[in-house]
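# A closer look at the structure
If you want the building blocks of each chain, they are given just below.
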Amino acid sequence: MNTYSVIMLGPSGSGKTVFLASMYKKLSTHGKLGFFLKVEGAEKRKRLNNIYTQIAFEEEWPTGNKLSEVSEWKFTCCVQTKDLSIYDACKFIYIDYAGGRLTDEMEEEDEEFNNKIQAADIMLVLLDGQRLCNLMRREKPGMVFVSRELPNMLQEVQKIQNKPVHFVISKWDIVEPHYSLQQIRDRLLEIEEFTNLVRARNEAGTPVRLIPVSSVGKGFATLLQDGSMAKNVGVLPKPFQLEVPLACILPDIIQNQVEELIKKITAEQGKKIEVKAELSFGERLGQFLGFLGGGVKKLQQSLPEEYQFGEDIIENLIETAERPAREKVAEAQRRTEELRAKQAESLNKVVDEKTALDSAVNSFSLIKNQLDIDFPESDLRNVL
Ligand SMILES: Nc1nc2c(ncn2[C@@H]2O[C@H](COP(=O)(O)OP(=O)(O)OP(=O)(O)O)[C@@H](O)[C@H]2O)c(=O)[nH]1
Ligand SMILES: [Mg+2]
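What this report covers is the structure whose coordinates are included nearby.

Conventions adopted
- Residues numbered from 1 in each chain as written.
- Chains lettered and ligands numbered in written order.
- Predicted model: local features only at pLDDT ≥ 70, side-chain atom pairs only at ≥ 80, totals over all residues.
- Helix = DSSP H or I, 4+ residues; strand = E, 2+ residues; numbered from the N terminus.
- Rg over C-alpha atoms; globule rule 2.2 N^0.38 Å.
- Buried ≥ 20, exposed ≤ 12 C-beta atoms within 10 Å, placed from the backbone.
- Contact = placed C-beta atoms within 7 Å.
- Core = buried A, V, L, I, M, F, W, Y, C linked by C-beta atoms within 7 Å.
- Domains from an automatic or database assignment.
- Pairing = 2+ DSSP bridges.
- Axes fitted to C-alpha atoms, helices over the stretch in contact; angles between N-to-C directions.

### Some points on the overall build of the protein
What the protein contains, in helices and strands, is 15 helices and nine strands. For a compact globule of 384 residues, the expected C-alpha radius of gyration is about 21 Å, and the protein comes in at 21 Å, within 12% of that figure. Along the first, second and third principal axes, the C-alpha atoms of the protein reach 60 × 50 × 45 Å. Expressed as a percentage of its 384 residues, the buried residues of the protein come to 41%. Looking at the protein alone, contacts between residues at least 24 apart form 78% of all its contacts between residues at least 6 apart.

Here is the structure:
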């Protein structure tokens, strides 16, 4: 089965564990999304369920991970057809590192950690919404975040140059009443290390995004003066966008693979083909397809096996790649119905693992399309 690994980085307290447990809770039931997750191992399932129960119903939040702790969570993404048969589509492995590693002085380079980073398909960097609020208000913890925590994390991210990066903004419930994503994005782009990273990825054609999420939703908790997060009595969690980071993994990995293919083939061909780096992805892809011949089918067949999704999926990607924000929203709105129809159609065709994966990717595209409508600023491609 195709397996994609996601490495989660985030300082202690940024919300990694709460995010994972809540995401699993939300995605483990068969809902409207068109796919659901199973977690490998009964022990792990119990643990995630226990963490979630504590988040939702107990006064205290779960405790932070110990520094020595590395948790690996293997989720199988499944699709259920109309006749109720279930097919596995792919696996996502999430690696949750104790956040203290990033901020405490580590005596020596951690080889295991470095190996995991190198092997990851995508990086999920949690930006603590609470720290971002501090930053916007010019409060001290915000300054510590900018001068210490963020640079430490970005240094780790720089260790893998050619993989997509998702900056997931946690605790959006407490950010949203005060700041828009555009304001947060503008502020982040004032930070030199952040801008440099985005610029380097933009130049390499590697997807970078900002995704706001809330594990508990609005009204569940209140941020107190002393910085603690008090749960409000009698309010149930209403998670916000927890499915979005997962849904963006494959669309972004596919785009990245197409970019890698363009780079590889242009390098092999030397001067025979010129695909200018300064053009947008869509334009470069157009030129590249012209050179390759055989249209999207040929492109699809040239990709590594685990990324050979259906032609329509590759086409979707090309059509939605890089548009200016305003056009992007109109285009995404226009496409919603079309994507819904495609998703329904692909679900009807599910008969094995491969067709299940195609169907899951169609579901992911629909979620990503909604993100383009709700948060066109999420996409950090070509911003600089
Ligand atoms: N309001 C709000 N608070 C949250 C949310 N997610 C997490 N928190 C708060 O942030 C705290 C830390 O979350 P954790 O998930 O334990 O953080 P972590 O990144 O796993 O931290 P380490 O295990 O120490 O690396 C929680 O105890 C909550 O108080 C959220 O979506 N909304
Ligand atoms: Mg944790």
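### A word on the nonpolar core
The biggest cluster of nonpolar side chains holds 90 residues, and the ones touching the most others in it are Val6, Met123, Leu124, Val125, Val168, Ile169 and Ala360. Broken down by element, the residue count for this core peaks at nine residues, all from helix α10 (residues 244-269). In terms of domain composition, this core takes at least three residues from each of domain 1 (3-242) and domain 2 (252-378). Each residue touching Leu124, except ones within four places of it in the same chain, is listed here: Val6, Ile7, Met8, His166, Val168 and Pro245.

### Quick word on the pairing of strand β1 (residues 3-9)
Inspection of the sheet shows β1 paired to strand β4 (residues 86-97) by six bridges, in the parallel sense. Residue Met8 lies in a different strand from β4, and its bridge partner there is Asp96. Taken together, the four bridges between β1 and strand β5 (residues 122-127) define a ladder with parallel strand orientation. Paired with Ile7 across the strands is Met123, a residue of β5.

### Examining the pairing of strand β7 (residues 208-212)
Most of β7 sits inside the fold, with five of its five residues counted as buried. Where strand β6 (residues 165-169) lies against β7, five bridges are found, and the strand directions are parallel. Note on β7: the bridge partner recorded for Val165 is Val208.

### So, unusual backbone geometry
Despite not being glycine, Leu84 shows a phi value in the positive range, around 75°. Topologically, Leu84 is positioned in the loop between β3 (70-80) and β4. Residue classification places Leu84 among the exposed residues on the basis of 7 C-beta atoms within 10 Å. Despite not being glycine, Arg138 has its phi angle at roughly 55°, a positive value.

### With respect to the sheet that holds β1
One open sheet holds the seven strands; their spatial order is β2-β3-β4-β1-β5-β6-β7, and the pairing between them is mixed. Unpaired on one side and paired on the other, β2 (36-39) and β7 mark the two borders of the sheet. On average, each strand axis in the sheet is inclined to that of its neighbour by 25°, with strand direction left out of account.

### So, the environment of Lys264
One can find Lys264 in helix α10. Classification of Lys264 by C-beta neighbours within 10 Å gives exposed; the count is 11. Each C-alpha atom of the pair Lys264 and Asp173 lies 43 Å from the other, and the pair is 91 residues apart in sequence.

### Focus on the environment of Ile55
Note on placement: Ile55 falls in helix α2 (residues 42-57). Owing to 22 C-beta atoms within 10 Å, Ile55 belongs among the buried residues under this scheme. For the pair Ile55 and Arg201, spaced 146 residues apart in sequence, the C-alpha to C-alpha distance is 36 Å. Sequence-distant contacts of Ile55, defined by excluding residues within four places in its chain, comprise Val18, Ala21, Ser22, Trp61, Pro62, Val216 and Pro237.

### What to know about the environment of Ile254
Along the chain, Ile254 falls in helix α10. A residue is classified by how many C-beta atoms lie within 10 Å of it, and Ile254, with 24 of them, is buried. Put simply, Ile254 and Ile313 are 59 residues apart on the chain and 9.4 Å apart in space, counted from C-alpha to C-alpha. The contacts of Ile254, once residues within four sequence positions are left out, are Tyr307, Phe309 and Leu317.

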